Each structure stands twice: as C-alpha cells, then as structure tokens.
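Architecture and fold: a report
Chain by chain, the residues run as shown.
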Amino acid sequence: MVLGITGGTGCGKTTLLRRAAALGALDIDCDAVYHRLLAADAALRRALEARFPDVVRAGAWDRKALGAVVFGDPAALRDLNAIAHPFVCAEVRRLLRAAADRPFAAIDAVALLESGLGALCGVTVAVTAPPERRAARLVAREGVPEDYARLRIAAQPADAAFAARCGRTLHNDYPTEAQFAAACDRFLLALLEEFHIKL
C-alpha cells in the first residue's frame with residue numbers, strides 16, 4: 001500500500017511521513033528527492049538554468065532567490081514544476097521498485113496529484129492547518145522572514161483544494177508537534193488495520 005501525503009507548506013506533512021517511517025514505511029520526501037537530484041542530475045540542472053539563469057550565483061543554486069521568483073509568479077512556478085516533476089517522478093518510481101519488500105510506503109509531495117504521483121497511491125491524505133500556524137512553523141523551522149513564509153503559503157492552493165482531491169484529510173491545529181505526531185500515529189494505525197497490513 002502506498003500512502004500519498006499532500007498539503008501546503010508548514011501543515012505537518014513531514015511529521016506524518018516520519019511517523020509512517022517509524023512504523024516501517026519506505027518514506028519518500030519529494031522535496032528531498034528534488035534537492036538530491038539538483039545536486040546530482042546534470043540534465044535537470046541544465047533545464048532549470050536555461051529557464052532561471054538569474055538564480056545561479058558563482059556556480060551554485062540560490063534556493064531562496066528561486067523561491068522569491070516562483071512564489072510571486074504563477075507562470076514561473078508552473079515552469080519550475082513542468083521541468084522538475086518528470087525527474088522527481090522517475091526517481092520516486094525507482095525508489096518504490098527498489099523497496100517492494102517493505103509493508104507499505106509513504107510519499108510526501110506538495111504537488112502529489114498535479115505531478116502524477118497520486119496515481120501510484122492507494123490512499124491519499126491532505127494534511128491541512130490554519131495559515132497563521134503554518135507561517136509560524138516556517139519561520140521557526142527555516143528562519144525565513146514572516147512575509148516570505150506568507151508568500152510561500154499564498155502561492156499554494158488553499159486547504160480546501162487539497163482536501164477536495166484526496167480521499168482523507170488530517171487537520172493539524174495542534175499546539176505542539178508531539179500532539180500532532182500522536183494524531184498521526186492514530187491515523188496510520190487505523191489505516192494499516194483497514195488495509196490488513198501486518199507490521
């Protein structure tokens with residue numbers, strides 16, 4: 001069984017992914033996959049550099065500069081996704097094939113459904129959270145200014161859009177990560193029981 005996890009930045013997708021890993025899942029963080037490919041895949045770098053030449057500084061990617069471009073420009077964000085998604089999807093499929101002996105897998109991706117990865121999933125869950133909590137988490141986690149955090153949030157679909165396209169929703173309005181982690185465990189254990197998956 002492959003669980004697809006999606007939702008906006010700062011909602012708690014990574015916490016759900018980590019809890020799935022703790023239960024034995026193959027955990028695939030598509031942001032991490034993208035950053036590994038950016039470091040290792042020359043074809044991806046060439047394609048991105050051709051479209052976004054101004055965010056390469058001294059031969060290195062300036063991720064915050066790229067973010068500032070794409071999170072304020074929907075067309076640029078579409079271009080970034082159109083370039084990156086095929087590379088990320090191919091790598092996710094490879095990882096799933098390589099771990100076919102695992103009891104289940106979980107894929108964390110903001111663009112799970114738009115990228116085509118949702119088709120690999122038996123279950124999809126939207127992790128949602130209030131925007132003010134999301135912004136506070138981004139500021140604390142990444143050290144970014146609050147206005148940049150809010151710009152990232154505004155560039156993504158609303159919670160309702162994620163929830164409407166997924167089979168399940170997990171709302172994260174918990175004051176602490178530990179409380180949300182406990183909710184994730186309850187959600188995952190119920191899901192594994194529903195699908196008769198033995199750990």
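Before reading further, recall that the structure is shown in the block above.
Residues numbered from 1 in each chain as written. Predicted model: local features only at pLDDT ≥ 70, side-chain atom pairs only at ≥ 80, totals over all residues. Heavy atoms only, no water.

Observations regarding the environment of Phe-162
- Here Phe-162 is to be found in helix 9 (residues 159-165).
- The exposure class assigned to Phe-162 is buried, which follows from its relative accessible area of 5%.
- As for Phe-162 and Phe-180, which are separated by 18 residues in sequence, their C-alpha atoms are 19 Å apart.
- Residue contacts for Phe-162: discarding those within four places in its chain leaves Thr-6, Gly-7, Gly-8, Val-110, Ala-126 and Pro-157. (Helix = DSSP H or I, 4+ residues; strand = E, 2+ residues; numbered from the N terminus. Buried < 20%, exposed > 50% of the residue type's maximum accessible area, 1.4 Å probe, protein only. Contact = heavy atoms within 4.5 Å.)

A look at helix 1 (residues 13-22)
- Buried within helix 1 are the following residues: Lys-13, Thr-15, Leu-16, Leu-17 and Ala-20.
- Packing partners of the buried residues in helix 1 comprise strand 1 (2-6), strand 2 (26-29), strand 5 (105-108), strand 6 (123-128), strand 7 (168-171) and helix 10 (177-194).
- In the segment just after helix 1, Gly-24 is the residue with positive phi, at about 110°.

A closer look at the pattern of salt bridges
- Enumeration over the complete set of coordinates arrives at eleven salt bridges.
- Arg-94 is paired through a salt bridge with Glu-91; the nearest N and O atoms lie 2.8 Å apart. Here Arg-94 pairs with Glu-91, and both are found in helix 5 (residues 74-98), just three residues apart, close to one helical turn.
- Put simply, Arg-152 and Glu-142 hold a salt bridge, and the shortest N to O gap is 2.5 Å. Of this pair, Arg-152 sits in helix 8 (residues 146-154) while Glu-142 sits in helix 7 (residues 131-142), and the two are ten residues apart along the sequence.
- Because the salt bridges share partners, they merge into one network encompassing Arg-141, Glu-142 and Arg-152. (Salt bridge = Lys/Arg side-chain N within 4 Å of Asp/Glu carboxyl O.)

Thoughts on the sheet that holds strand 1
- Judged by pairing direction, the sheet is parallel, and its five strands sit side by side in the order 2-5-1-6-7 without closing on themselves. Both edges of this open sheet fall to strand 2 and strand 7, since each of them pairs with a single strand only. Put simply, the sheet's adjacent strands are angled 20° from each other on average, direction ignored.
- By the bridge criterion, four bridges tie strand 6 to strand 7 in an arrangement that is parallel. The partner of Val-127 across the bridge, within strand 7, is Leu-170.
- Running at roughly 65° to strand 2, helix 2 (residues 30-40) makes contact with strand 2 and strand 5 of the sheet. (Pairing = 2+ DSSP bridges. Axes fitted to C-alpha atoms, helices over the stretch in contact; angles between N-to-C directions.)

Brief notes about the pairing of strand 6
- Across the six residues of strand 6, six count as buried, placing the element largely inside the fold.
- Both faces of strand 6 are covered, namely the face carrying Val-123, Val-125 and Val-127 and the face carrying Thr-124, Ala-126 and Thr-128.
- As defined by bridge partners, strand 1 adjoins strand 6 across four bridges and the pair is classed as parallel. Opposite Thr-6, over in strand 6, you have Ala-126 as the bridge partner.

Description of the packing of helix 2 against helix 5
- Their axes nearest at 10 Å, the elements helix 2 and helix 5 cross at an angle of 105°. With respect to helix 5, the element helix 2 is oriented roughly perpendicular. Every residue of helix 5 that contacts helix 2 at Cys-30, Val-33, Tyr-34, Arg-36 and Leu-37 is listed here: Leu-80, Ala-84, Phe-87, Val-88, Glu-91, Val-92 and Leu-95.
- For the contact of helix 2 with helix 5, the per-class residue count stands at ten nonpolar, no polar and two charged. (Parallel < 35°, antiparallel > 145°, perpendicular 65-115°, else oblique. Nonpolar A, V, L, I, M, F, W, Y, C, P; charged D, E, K, R; others polar.)

Side note on the side chain of Glu-91
- Assessed through its relative accessible area of 17%, Glu-91 is described here as buried.
- At 2.8 Å, the side chain of Glu-91 forms a polar contact with the side chain of Arg-94.
- When neighbours within four sequence positions are excluded, Glu-91 is seen to be in contact with Val-33 and Leu-37. (Polar contact = N/O pair within 3.5 Å; in protein donor to acceptor, adjacent residues only side chain to side chain.)

Digging into the environment of Ala-111
- Counting through the fold element by element, Ala-111 comes out in the loop between strand 5 and helix 6 (112-115).
- Beyond its immediate sequence surroundings of up to four residues, Ala-111 is in contact with Thr-6 and His-85.

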